[in-house]
Amino acid sequence: MNRKRIIILFFVLGLMVLSAAIGWVAASRIISPAEAAARTAPPTPSPILVPVEERVLTSDIVTRGTARFGLPQSISIIPSALKPQIGIITTLPLRNTQLKEGDVMLTASGRPVFILQGDVPAYRDLVPGNSGEDVHQLELALKRLGFDPGVVDKAYDEHTSAAVAAWYDAAGWEPFGPTPNQLATIRALEQELALAKNRRATAYDAVAAADLAIEAARANAESANIAASADVGVKTRIKDRVGADREASGEDKANAAAALAAAQAAETATRSAGQAAIQAAVDAQKAAAREARLAADAVTRLETDLEVAQSKVGVQAPVDEIIFVPVLPVRVGQINVVVGDPAGGPVMAVTDNRLAIDSSLALDEAPLVKPGMPVTIDEPSLGIKASGVVARVADTPGTFGVDGFHIYFEVQVNETTTALEGFSLRLTIPVKSTGTAVTVVPISALFLAADGTSRVQVEDNGALGFIVVEPGLSANGYVEVKPVDGTLTPGQLVVVGFETTP
């Protein structure tokens, strides 16, 4: 009996377990409409948040250009009038040689050709007595090289001459002193001056003699006139006495009258002769005085010429020994001559030592780029980094080798040890900038609301809200924003989008 009850009990329990299993399976397979709707609804999207930042925003123009050294400048040697003939080139620099102020660029017939800084090309021999802008350049160069030219007054005086001599000596070259022709000229002038002074002395003596001759002529004339007048008086009295004598014959009276007339004629002739003698003496005195003045003028002129000639025989700077270039240092580019060629005309071309980059801008970008703007220069693939400034922007398109749809501009490279010549480089020019760090958000965080205001959505303790902002400069994926209502602080999170987790 007990065994039967136990079997029944296990059977009932089995039915209960089976019923529970069937119920669980049925419950797991059957869902309510609400549960089914909940299960099929899309998941709630999550906001993508990024922090608000403070940074300097810049808007850049990016282009490319090729680096080169400065534009070539032709170097020409002008023959010197101080030398009898053009020199022969005896040494030349190597290409790419860098030349600074005071360096010897080359030598010709054993003489140096120095290079100095100056805007006015050398065009004449610089000698004592010269004045002008080229002398001013020479004085400034001497001063920069450490040789005192005295007052920098554009005048080549004895101080300038001394400074040039000291400069040549210090460089190991003999200063260029007086030439044989100059010394011969001085000697000739000295001889001419001595002769002129003799002629002047003779003329002065002639003038003095002429003065005495005038006095003598006047005295002689006066004496002769007195004698002639006395004779006339005697003849007059004789005539009167004969005329009063009743016994005197008519012949006697006629003779007396004739004698008086002869005496009177003689008196007239004597006076005329005396005046002529005096006039001749006066004329001779004038001629002597004129000769004296000419002789004196000749002496004065020769003294001046001699003084000028003597002033030019100091140390000189022949024009074929000095080259002025506007900017130094320079590097030797193309060389047009060889050793043994005449040292005249174009001999080589140099470039300034500063690197420049030629590039171009699109027509709509060109107005944004101005001289003086900083430029970032790089080439990531070559690991090149440098900086520079915009040196110039062409006024019209199609110049300096660019096409008609672009405008040329030049970048002056700041001093760098990186070899850039010949490389194509990336140029980045910031054309706009906030100047200082400003509050920025990603551009994707900014949207336009229905009321026309610009807004960003911010997260605040898990809740999202909107802030109206005033957008500013945008660059590099960010935009400057100024909150109109509310605040934005660095680190605060803004929504840039939403994502849905599957």
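One structure accompanies this document, and this report is about it. (Residues numbered from 1 in each chain as written. Predicted model: local features only at pLDDT ≥ 70, side-chain atom pairs only at ≥ 80, totals over all residues. Heavy atoms only, no water.)

Secondary structure assignment for the protein chain yields 6 helices and 22 strands. Against the compact-globule benchmark of 23 Å for 502 residues, the protein chain has a radius of gyration of 57 Å, which places it well outside the compact range. Once the C-alpha set of the protein chain is aligned to its principal axes, its extents read approximately 250 × 60 × 40 Å. Across the 502 residues in the protein chain, those meeting the buried criterion constitute 35%. (Helix = DSSP H or I, 4+ residues; strand = E, 2+ residues; numbered from the N terminus. Rg over C-alpha atoms; globule rule 2.2 N^0.38 Å. Buried < 20%, exposed > 50% of the residue type's maximum accessible area, 1.4 Å probe, protein only.)

Before going further, it helps to examine the pattern of salt bridges. All chains considered together, the criterion is met by 18 salt bridges. With a closest N to O distance of 3.3 Å, Lys100 and Asp103 form a salt bridge. Residue classification places Lys100 among the exposed residues on the basis of a relative accessible area of 53%. Here Asp103 falls in the buried class, since its relative accessible area comes to 18%. Linking Glu101 and Arg144 is a salt bridge whose minimum nitrogen-to-oxygen distance equals 2.7 Å. Taken as a pair, Glu101 in the loop between β6 (98–99) and β7 (104–108) and Arg144 in helix α3 (residues 133–144) lie far apart in primary sequence, 43 residues in all. The buried category is assigned to Glu101, whose relative accessible area is 17%. Each of Arg68, Asp358, Arg392 and Glu410 takes part in one network of salt bridges that share partners. (Salt bridge = Lys/Arg side-chain N within 4 Å of Asp/Glu carboxyl O.)

The computed volume of the largest pocket comes to approximately 200 Å³. Surrounding the largest pocket, 13 residues form its lining, Leu82, Phe176, Pro178, Thr179 and Pro180 being those nearest its centre. Taken together, the residues of the lining of the largest pocket break down into 7 nonpolar, 3 polar and 3 charged. (1 Å grid on protein atoms, 1.4 Å probe; cavity = no way out; pocket = protein on both sides within 12 Å on 5 of 7 lines; lining within 4 Å. Points joined across faces, edges and corners; volume = space filled by probe spheres on them. Nonpolar A, V, L, I, M, F, W, Y, C, P; charged D, E, K, R; others polar.)

Another aspect to go through is the sheet that holds strand β4 (residues 73–77). Read across the sheet, 4 strands follow the order β4-β11-β10-β6 without closing on themselves; strand pairing throughout is antiparallel. A strand with exactly one partner marks an edge of an open sheet, and here the two such strands are β4 and β6. (Pairing = 2+ DSSP bridges.)

Attention now moves to the packing of α3 against helix α4 (residues 158–171). In the contact formed by α3 and α4, the axes pass within 11 Å of each other and the chain directions differ by 50°. Considering the angle they form, α3 stands oblique to α4. Considering the relative orientation of α3 and α4, their crossing is left-handed. Contact with α3, carried on its side by Leu138, Glu139 and Leu142, involves Thr160, Ala163, Val164 and Trp167 of α4 and no other residues of that element. (Axes fitted to C-alpha atoms, helices over the stretch in contact; angles between N-to-C directions. Parallel < 35°, antiparallel > 145°, perpendicular 65-115°, else oblique. Left-handed = near helix turned anticlockwise from the far one by under 90°. Contact = heavy atoms within 4.5 Å.)

Spatially, the 6 strands close up into a barrel ordered β3-β12-β15-β14-β13-β16, and their pairing is antiparallel. Neighbour-to-neighbour, the strand axes of the sheet open up by a mean angle of 40°, direction not taken into account. As paired elements, strand β12 (residues 355–362) and strand β15 (residues 406–413) share 7 bridges and run antiparallel to each other. Across the sheet, the residue bridging to Ser360 is Tyr408, located in β15.

Turning our attention to the packing of helix α5 (residues 180–244) against helix α6 (residues 250–311). Where α5 contacts α6, the two axes come as close as 7 Å, and the packing angle between them is 170°. With respect to α6, the element α5 is oriented roughly antiparallel. Looking at side-chain class alone, the contact of α5 with α6 contains 39 nonpolar, 9 polar and 17 charged residues.

Now for unusual backbone geometry. Of note, the bond from Leu328 into Pro329 is cis; its omega dihedral lies within 30 degrees of zero at 5°. By the element assignment, Pro329 lies in the loop between β9 (322–325) and β10 (330–335). Although it is not a glycine, Ser109 adopts a positive phi angle of roughly 50°. Topologically, Ser109 is positioned in the loop between β7 and β8 (111–117). Using a relative accessible area of 45% as the deciding quantity, one classes Ser109 as partly exposed. The backbone of Asn461 sits at a positive phi, close to 55°, despite the residue not being glycine. Asn461 sits in the exposed class, given a relative accessible area of 76%.

Our next topic: the side chain of Asp378. With respect to the helices and strands, the residue Asp378 is situated in strand β13 (residues 374–379). A polar side-chain atom of Asp378 sits 2.7 Å from a polar atom in the side chain of Arg426. When residues no more than four places from it in sequence are discounted, the contact partners of Asp378 are Ile384, Lys385, Leu425 and Arg426. (Polar contact = N/O pair within 3.5 Å; in protein donor to acceptor, adjacent residues only side chain to side chain.)

Using the criterion set out here, one finds 3 cavities of 30 Å³ or more in the structure. Roughly 50 Å³ of internal volume is contained in the largest cavity. Lining the largest cavity are Ile77, Lys83, Gly87, Ala108, Arg111, Pro112, Val113, Asp320, Glu321 and Ala343. Element by element, the count of residues in the lining of the largest cavity is highest for β8, at 3 residues. Of the residues in the lining of the largest cavity, the class split is 5 nonpolar, 1 polar and 4 charged.

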